[in-house]
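One-letter residues, chain by chain:
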Number of protein chains: 2
Amino acid sequence: MTEIGPDQTPPDTIDAFFKRLGSTADRLPKRLKQFANFIAANPDRVAVSTVAELAEGADVQPSAVMRFCQEMGFSGYSQMQKLFRSDYSQKWPDYSTRLAKLRELGNESPSALLAEFVEVGRSSLENLLTTVDPIALQQAVDVLARAETIHMIGFRRAFPVTSYLAYAFEKMDVPAVLHSGIANINMEHLIRPNDAVIAVTFAPYTEMTIDMATKARATGADIVAITDVVTSPLARLKAIQLLVSELDVGAFRALSASLSLAIALAVSVGAQRNGT
Amino acid sequence: MTEIGPDQTPPDTIDAFFKRLGSTADRLPKRLKQFANFIAANPDRVAVSTVAELAEGADVQPSAVMRFCQEMGFSGYSQMQKLFRSDYSQKWPDYSTRLAKLRELGNESPSALLAEFVEVGRSSLENLLTTVDPIALQQAVDVLARAETIHMIGFRRAFPVTSYLAYAFEKMDVPAVLHSGIANINMEHLIRPNDAVIAVTFAPYTEMTIDMATKARATGADIVAITDVVTSPLARLKAIQLLVSELDVGAFRALSASLSLAIALAVSVGAQRNGT
DNA sequence: CTGCGTTTGGAATTTAAATTCCATTTCTTA
DNA sequence: TAAGAAATGGAATTTAAATTCCAAACGCAG
């Protein structure tokens, strides 16, 4: 007869720990699963926290933490923490040195490429705070908050940005239309004078985006442009311009800055519309 | 008359700590200087070690460690350790409380929110290098490069990621299908045994993504999962897991890390397929 | 709805770590 | 080199954290 209780051998690496967690989490009772999720989401905290702190963070009793540790095969929290602490010191060669190391060895590896994108993303984000004019941003929020319906236009490379905007607006109950170009059905006629348009495009600019924005402008709708340089074709439309200078790695860019700008814009608009 | 003894105010940042250490180290007695050097060489250990462990590491008595802490202006070791631990967790900040604080200060301007997203994005990117296992990443690239057709599955919040993958693959002439769920047409039957699937989902997991991935797995296709924690339902599918811990600002996240991972993955796959 | 096994919260206990204290040693300087 | 001051090592004490225990709450099968 097999004992169902705690596993006898404690995991001896973080990997093993999470593997076991993945296969055990399902059959754990409510509170333990709750804590399991907390750990999965904040593995970093274990090394530097007490039982009480983690318990509070996960909104669970300290004793539940102990039971969890035992369920995972440890004698108690201390033993589990020891594992996390030893892992911690391994990954401490911190971000900059790790990055350097990644670049140094095999420049061809996917990890090296990932490191490139991470680094480029980080500087793009940094730049973002200087390229986006706070006043223009506030204006954009005002205009979008006032609009009856918000239209998002952006294709190809810009589509992740507009689709994320669509998701965010939907979640906040803001009336918004994503012009996806599906089936080549043109939805331009949906754009009314009291609406506003968020047009997203980067060099080389997608024709269709410019066209649609131009027509929307003609009907009297306001335009908010997320683009890369002031000379962008959208400038001619008296659009409120939000500039993002996203750096490339090879032929691609990470879009981190554009996405961050978009989500900040969306959340601000949502907050303002819902009268927060 | 100036009291030479322990400083009254403890340093409140790591920087301040080391600055003070630099200016004090000279006039410290032998054992304390010895310990000071040890700390300077291993600042990382403080967050996760006991007095006894550090004392042993520096070949010094525990009481010397205490005297050192007091000499530096702390009430004792615990207080000093608190500083080092909080510094560590700055990399993994508790953004919900910070955001609450930000709101409390009445600084709810769009720019402040943007700054939040930028900061969160930057740490998420940093984390990315530690949460993504280079070996798993390489495996994922191999599997995808070998696949006849690549299928991308991901909805709602994950859709920007999959749509960007679709754009990148298209640009590199890699046969790839974006399962967009348009018109509720189910394209699962397109997935063949020699294909591979990239499934993207974050808690709370979208049912459809899990379902489709499960069915794909049943037909024999390989699964690469971009997800947030190992307890994700995708774990059960023997998927190659690429973990992203994206930090939230309120109910939203910037997606910077997820997008960066995706594009790095796509470019690596493209390069490998086109025999670079 | 009743009894039994499981899970939970919280208090009680144990264990381990931090901190203090003091006798001894080591420097300083007259 | 002797006296005083500072520094040191290690044991004693205090404090805080980990761990256990048990009564109450919960869920489930009969």
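Small disclaimer: the values here were computed from a predicted structure and weren't measured.

Draft legend 1. Fine view of the overall build of chain A. Summing up its helical and strand segments, chain A has eleven helices and seven strands in all. A buried classification covers 43% of the 276 residues belonging to chain A. Contacts in chain A between residues far apart in sequence, at least 24 positions, make up 66% of those at least 6 positions apart.

Draft legend 2. Molecular detail of helix α2 (residues 30-41) of chain A. All names here are of chain A. A rise of 1.5 Å per residue sets the reference length of α2, with its twelve residues, at 16 Å; its end C-alpha atoms lie 17 Å apart and thus fit the reference within 8%. Here α2 has its buried residues at F35, A36, I39 and A40. The arc that holds the buried residues of α2, viewed along the axis, is 140°, so those residues lie on one side. Lining the buried residues of α2 we find α1 (14-24), α3 (51-58) and α4 (62-71).

Draft legend 3. Looking closely at the interface of chain B and chain A. Taken together, the contact between chain B and chain A spans 54 residues of the former and 58 residues of the latter. Broken down by secondary-structure element, the contributors of at least two residues to the side of chain B that touches chain A are α5 (77-90), α7 (110-131), α8 (134-146), α9 (159-171) and α11 (256-273) of chain B. Examining the composition of the side of chain B that touches chain A, we find that 14 residues originate from one element, α7(B), more than from any other.

Draft legend 4. Examining the protein's contact with DNA strand D more closely. In the neighbourhood of DNA strand D, 17 residues make up the surrounding shell, with T50(A), G76(A), Y77(A), K30(B) and S63(B) lying closest. Elements with a minimum of two residues in the surface near DNA strand D: α3, α4 and α5 (77-90) of chain A together with α2 (30-41) and α4 (62-71) of chain B. Residues that form the surface near DNA strand D fall into these classes: nine nonpolar, six polar and two charged.

Draft legend 5. Main features of α8(B). For α8(B), with 13 residues, the first-to-last C-alpha span of 18 Å sits near the 18 Å given by 1.5 Å per residue. Along α8(B), the positions that sit buried rather than exposed are L137(B), A140(B), V141(B) and L144(B). Down the axis of α8(B), the sector holding all buried residues measures 100°, keeping them to one side. Elements that come into contact with the buried residues of α8(B) comprise α7 (110-131) of chain A together with β1 (150-153), β3 (196-200), β4 (222-227), β5 (240-243) and α11 of chain B.

Draft legend 6. Seen up close, the protein's contact with DNA strand C. In the neighbourhood of DNA strand C, 17 residues make up the surrounding shell, with S63(A), T50(B), V51(B), G76(B) and Y77(B) lying closest. Contributing elements (two or more residues each) for the surface near DNA strand C: α2 and α4 of chain A together with α3 (51-58), α4 and α5 of chain B. Here the surface near DNA strand C is composed, by residue class, of nine nonpolar, six polar and two charged.

Draft legend 7. Main features of the packing of α7(A) against α11(B). The contact between α7(A) and α11(B) brings their axes to 9 Å, and the two run at 140°. When the interaxial angle is binned, α7(A) and α11(B) end up oblique. In this structure, α7(A) meets α11(B) at a crossing whose hand is right-handed. For the pair α7(A) and α11(B), contact is made by P110(A), L113(A), L114(A), F117(A), V118(A), G121(A) and L125(A) and by S256(B), S260(B), L261(B), I263(B), A264(B), L265(B), V267(B) and S268(B), respectively. A class-by-class count of the residues in the contact of α7(A) with α11(B) yields eleven nonpolar, four polar and no charged.

Draft legend 8. Up close: the sheet that holds strand β2 (residues 176-179) of chain B. Residues and elements named next belong to chain B. Taken in spatial order, the five strands line up as β2-β1-β3-β4-β5 in an open sheet, and their pairing is parallel. One side of each edge strand has no neighbouring strand; the edge strands of this open sheet are β2 and β5. Pairs of neighbouring strands in the sheet enclose a mean axial angle of 15°, with direction left out of account. Relative to β3, β1 runs parallel, the two sharing four bridges. Opposite M152, over in β3, you have I198 as the bridge partner. α8 contacts β1, β3, β4 and β5 of the sheet and is inclined by roughly 125° relative to β5.

Draft legend 9. Representation of the packing of α3(B) against α4(B) within the structure. Residues and elements named next belong to chain B. Contact geometry for α3 and α4: axes closest at 8 Å, N-to-C directions at 100°. The orientation of α3 with respect to α4, classified from their angle, is roughly perpendicular. Touching V51, A52, L54 and A55 of α3 are P62, A64 and V65, all from α4. Grouping the amino acids of the contact of α3 with α4 by side-chain chemistry returns seven nonpolar, no polar and no charged.

Draft legend 10. Region of the structure containing the environment of G220(A). Looking at the secondary structure, you find G220(A) in the loop between α10 (207-219) and β4 (222-227). For the pair G220(A) and I191(A), spaced 29 residues apart in the sequence, the C-alpha separation amounts to 9.1 Å.

Draft legend 11. Structural view of the confidence of the model for chain A. Summarising the model, chain A shows a mean pLDDT of 80, and 84% of its residues fall at 70 or more. Within the model, the stretch residues 1-5 of chain A combines pLDDT values under 50 with zero contacts to residues more than four positions away or in other chains.

Draft legend 12. Highlighting the sheet that holds strand β1 (residues 150-153) of chain A. Residues and elements named next belong to chain A. Taken in spatial order, the five strands of this open sheet run β2-β1-β3-β4-β5, and their pairing is parallel. The open sheet has two edge strands, β2 (176-179) and β5 (240-243), and neither has a second partner. Across the sheet, the mean angle separating the axes of adjacent strands is 15° when strand polarity is ignored. With respect to the sheet, helix α8 (residues 134-146) is in contact with β1, β3 (196-200), β4 and β5, its orientation differing from that of β5 by roughly 125°.

Draft legend 13. Layout of the environment of V141(A). Summarising the element assignment, V141(A) is placed in helix α8. Each C-alpha atom of the pair V141(A) and R273(A) lies 9.6 Å from the other, and the pair is 132 residues apart in sequence. Excluding residues that lie within four positions of it along the chain, V141(A) makes contacts with L265(A), S268(A), V269(A), Q272(A) and P110(B).

Conventions and cut-offs
Position numbers for residues start from 1 in each chain and track the written sequence from start to end. Labels are handed out in written order, letters beginning with A for the chains and numbers beginning with 1 for the ligands. The predicted origin of the model limits local features to residues at a pLDDT of at least 70 and limits the giving and counting of side-chain atom pairs to 80 or more, whereas totals for whole chains, interfaces and linings rest on all residues. The secondary structure listing takes helices from DSSP runs of H or I that are at least 4 residues long and strands from runs of E that are at least 2 residues long, numbered from the N terminus. Counting other C-beta atoms within 10 Å of a residue's own tells you its class, since 20 or more makes it buried, 12 or fewer makes it exposed, and anything in between is partly exposed; those C-beta atoms are placed from the backbone. Each residue is represented by a C-beta atom placed from its backbone, and any two residues with such atoms within 7 Å are regarded as in contact. The span expected for a helix works out to 1.5 Å for each residue beyond the first. As used here, the arc belongs to the directions running from the helix axis to the C-beta atoms. Residues are counted as near a molecule or strand when the C-beta atom, derived from backbone positions, lies within 6 Å of that molecule or strand. Residues are sorted three ways: Asp, Glu, Lys and Arg are charged, Ala, Val, Leu, Ile, Met, Phe, Trp, Tyr, Cys and Pro are nonpolar, and all the rest, Gly among them, are polar. Here an axis means a line fitted to C-alpha atoms, over the contact stretch when the element is a helix, while the angle between two N-to-C directions is reported on a 0 to 180 degree scale. Should an angle fall under 35 degrees it is called roughly parallel, over 145 degrees roughly antiparallel, and 65 to 115 degrees roughly perpendicular, with every other angle called oblique. If you view the pair so one helix is near and one far, a crossing is left-handed when the near helix is turned anticlockwise from the far one by less than a right angle, and right-handed when it is turned clockwise. When DSSP finds two or more bridges between two strands, those strands count as paired. pLDDT expresses, on a scale from 0 to 100, how confident the predictor is about each individual residue.

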